[in-house]
Amino acid sequence: QVQLVESGGGLVQAGGSLRLPCRVPGSIFSLNVIGWYRQSPGKQRDMVARVTSAGSAVYAESVKGRFTISRNNPLNTVYLQMNSLKPEDTAVYYCNALLVPSMGAALHEYWGQGIQVTVSS
């Protein structure tokens with residue numbers, strides 16, 4: 001069973017920074033796309049940033065210029081560096097991965113359990 005291991009959330013003041021790592025432990029065949037989504041109370045879950053195995057990244061408009069996503073392919077790990085945080089960035093952040101767990105298997109989507117990020121004004 002593939003699991004996504006998230007860490008790095010917490011409370012930070014507006015203007016501060018946090019880094020969210022997400023790791024896919026164990027052996028998998030390929031990690032095609034990995035990234036972060038977020039969800040605030042009463043709102044839908046939205047994509048924040050994601051990156052392909054080739055390093056191509058996509059960002060939500062609201063975080064462009066403030067957040068940077070990067071990945072370490074040998075470690076199957078993605079990092080979301082969040083700078084200049086705003087109170088509206090407060091949400092539960094979820095790691096998301098599209099991967100092939102083993103040779104011959106189909107592409108599957110996996111989610112982490114979610115991690116709270118709170119930005120105080």
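This is a predicted model, so every value here is computed, not measured.

## Description of the state of the cysteines
The full count for this structure, using the stated rule, is one disulfide. Here Cys22 is linked by a disulfide to Cys95, with a sulfur-sulfur distance of 2.0 Å. Residues Cys22 and Cys95 share a disulfide whose torsion about the S-S bond is about -90°; that sign makes it left-handed. Taken together, the residues Cys22 in strand 3 (residues 18-23) and Cys95 in strand 9 (residues 91-100) connect sequence positions 73 residues apart. Note on Cys22: relative accessible area 0%, which makes it buried. With a relative accessible area of 0%, Cys95 lands in the buried category.

## A closer look at the pattern of salt bridges
Taken as a whole, this structure holds three salt bridges when the rule is applied. Across the pair Glu61 and Lys64 runs a salt bridge, and its minimum N-O distance is 2.7 Å. Residue classification places Glu61 among the exposed residues on the basis of a relative accessible area of 63%.

## Quick look at the side chain of Asn76
Of note, Asn76 is situated in the loop between strand 7 (67-72) and strand 8 (77-82). Judged by relative accessible area, Asn76 falls into the buried class, the value being 15%. Contacts of Asn76, omitting those with residues within four sequence positions, involve Cys22, Arg23, Val24, Gly26, Ile28 and Leu31.

## What about the environment of Asn83?
Turning to its location among the elements, Asn83 is positioned in the loop between strand 8 and strand 9. Along the primary structure Asn83 and Val5 are separated by 78 residues, whereas in three dimensions their C-alpha atoms are 22 Å apart. Residues in contact with Asn83, not counting those within four places in the same chain, are Gly16, Ser17, Arg66 and Phe67. In terms of polar contacts, Asn83 uses its side chain to reach the side chain of Gln81, at 2.9 Å.

## A short note on the side chain of Arg38
Considering the arrangement of structural elements, one finds Arg38 in strand 4 (residues 30-39). Within the local environment of Arg38, its side chain forms a polar contact with the side chain of Ser62, the two groups lying 3.3 Å apart. Ignoring sequence-local partners within four residues, the contact set of Arg38 consists of Gln44, Arg45, Asp46, Val48, Ser62, Val63, Phe67, Asp89, Ala91, Val92 and Tyr93.

## Details of the pairing of strand 7
Burial along strand 7 is one-sided: the face carrying Phe67, Ile69 and Arg71 is buried and the face carrying Thr68, Ser70 and Asn72 is not. In the sheet, strand 7 pairs with strand 8 via six bridges, with the strands oriented antiparallel. Across the sheet, the residue bridging to Arg71 is Val78, located in strand 8.

Rules behind the numbers
- Residues numbered from 1 in each chain as written.
- Predicted model: local features only at pLDDT ≥ 70, side-chain atom pairs only at ≥ 80, totals over all residues.
- Heavy atoms only, no water.
- Disulfide = S-S within 2.5 Å.
- Helix = DSSP H or I, 4+ residues; strand = E, 2+ residues; numbered from the N terminus.
- Buried < 20%, exposed > 50% of the residue type's maximum accessible area, 1.4 Å probe, protein only.
- Salt bridge = Lys/Arg side-chain N within 4 Å of Asp/Glu carboxyl O.
- Contact = heavy atoms within 4.5 Å.
- Polar contact = N/O pair within 3.5 Å; in protein donor to acceptor, adjacent residues only side chain to side chain.
- Pairing = 2+ DSSP bridges.

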